[in-house]
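Examining the three-dimensional arrangement
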Amino acid sequence: MRVTGKVGGLFPLAWSCTTLAGIATSQPLVAASSPTPFTSLLQVILGLAVVLAAIVGLAWLFRRMSGGMLGGSNRLRVVSGVLVGQREKVVIVELEGEWLVLGVTSHSVNLLTKMDRPPDAGTDVVQPGEPFARWLKAAMEKGRQKSEAVNR
C-alpha cells in the first residue's frame, strides 16, 4: 500500500519509518549484560593508555615540527651572566657572531648594548645550573666519604 501526497515522496518515507519502528518494537529485546568490574577497569586503563600515547605522540610531533626554535639551535648561545639584584641579571648572548648585552628581570628583557664578538673569546657555553651541580656533586662525595669512614 503506497500513499502519495502533494509533497512527493514524503509520505512513503514517513510510513516506512513508522512501519519499521512498529516491527522493531514488536520483537523481544535482548537484555545487554552489565559490565563486570574487571572489564570496566580494563576499559578505563586502556582509555588512559590511549590518551597518554596521544599526548606523547603530539609532544614528539611538536618537537619535530618546531625545528630548532625551542633551544636546539646553534645560532644563539649564552656566553655569560651575572646577578645584579635579587631577580635581576645581566646576560651576554651571542647571536651570529654578535654579542648582545641583555638586562633580564622577572618581567622583561631589555637590550642594553650590542658589540662585535671579541676575537679572543672562547666557545665555552655557560650552563645555568653548573655551580649548583658542582656543589651538589662535591656534597654527595663528602657524604659518601663520611659514611664509608663510619662503616669501617
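Residues numbered from 1 in each chain as written. Predicted model: local features only at pLDDT ≥ 70, side-chain atom pairs only at ≥ 80, totals over all residues. Heavy atoms only, no water.

The next point concerns the confidence of the model for the protein. In the predicted model, the protein carries a mean pLDDT of 76, and the fraction of residues at 70 or more is 68%. Averaged over each element, pLDDT in the protein is lowest for helix H1 (residues 10–26) (52) and highest for helix H2 (residues 37–65) (92). (pLDDT = per-residue confidence, 0-100. Helix = DSSP H or I, 4+ residues; strand = E, 2+ residues; numbered from the N terminus.)

Taken together, the side chains of Leu48, Val51, Leu52 and Ile55 make up a nonpolar region of the molecular surface, amounting to roughly 370 Å² of accessible area. The topology assignment puts Val51 in helix H2. The exposure class assigned to Val51 is partly exposed, which follows from its relative accessible area of 46%. (Patch = residues over 30% accessible without salt bridge, like charges linked within 9 Å, V, L, I, M, F, W, Y side chains within 5 Å. Areas by Shrake-Rupley, 256 points an atom, 1.4 Å probe, with all protein chains shown as cover. Salt bridge = Lys/Arg side-chain N within 4 Å of Asp/Glu carboxyl O. Buried < 20%, exposed > 50% of the residue type's maximum accessible area, 1.4 Å probe, protein only.)

As a further point, take the pattern of salt bridges. Under the criterion given, the structure shown has 2 salt bridges. Salt-bridge contacts for Glu94 lead to Arg77; the nearest nitrogen and oxygen are separated by 2.7 Å. Of this pair, Glu94 sits in strand S2 (residues 89–95) while Arg77 sits in strand S1 (residues 76–83), placing them 17 residues apart in sequence. Arg77 matches Glu94 in its accessibility class, with the two residues each being buried. With its nearest N and O atoms 3.1 Å apart, the salt bridge here joins Arg117 to Glu94. In this pair, Arg117 sits in the loop between strand S4 (109–116) and helix H3 (130–151) while Glu94 sits in strand S2, placing the two residues 23 residues apart along the sequence.

What follows covers the nonpolar core. Ranked by size, the top nonpolar core spans 5 residues in total: Val91, Val93, Leu100, Leu102 and Val104. For this core, the elements supplying multiple residues, two or more each, are S2 and strand S3 (98–104). It is S3 that contributes the most residues to this core, 3 residues altogether. (Core = buried A, V, L, I, M, F, W, Y, C linked by side-chain atoms within 4.5 Å.)

Where strands meet in a sheet, backbone hydrogen bonds hold them as pairs that are either parallel or antiparallel. Overall, antiparallel pairing links the 4 strands, which are arranged S1-S2-S3-S4 in an open sheet. In the strand order of this sheet, the two ends are held by S1 and S4, each with one partner. Pairs of neighbouring strands in the sheet enclose a mean axial angle of 20°, with direction left out of account. Bridging between S3 and S4 involves 7 bridges; their strand directions are antiparallel. Note that in S4 the partner of Gly103 across the bridge is Asn110. (Pairing = 2+ DSSP bridges. Axes fitted to C-alpha atoms, helices over the stretch in contact; angles between N-to-C directions.)

The terminal C-alpha atoms of H2, which comprises 29 residues, lie 42 Å apart, in line with the 42 Å expected from a rise of 1.5 Å per residue. Among the 29 residues of H2, 0 are classified as buried, and the element is accordingly described as predominantly exposed. (Expected span 1.5 Å × (residues − 1).)

Another point: the side chain of Glu94. Accessibility expressed as a relative area gives 11% for Glu94, which makes it buried. A distance of 2.7 Å separates the side chain of Glu94 from the side chain of Arg77, its partner in a polar contact. Separated by 3.1 Å, the side chains of Glu94 and Arg117 make a polar contact. Discounting residues that sit within four places of it in the chain, Glu94 has contacts with Arg75, Leu76, Arg77, Val79, Trp99 and Arg117. (Polar contact = N/O pair within 3.5 Å; in protein donor to acceptor, adjacent residues only side chain to side chain. Contact = heavy atoms within 4.5 Å.)

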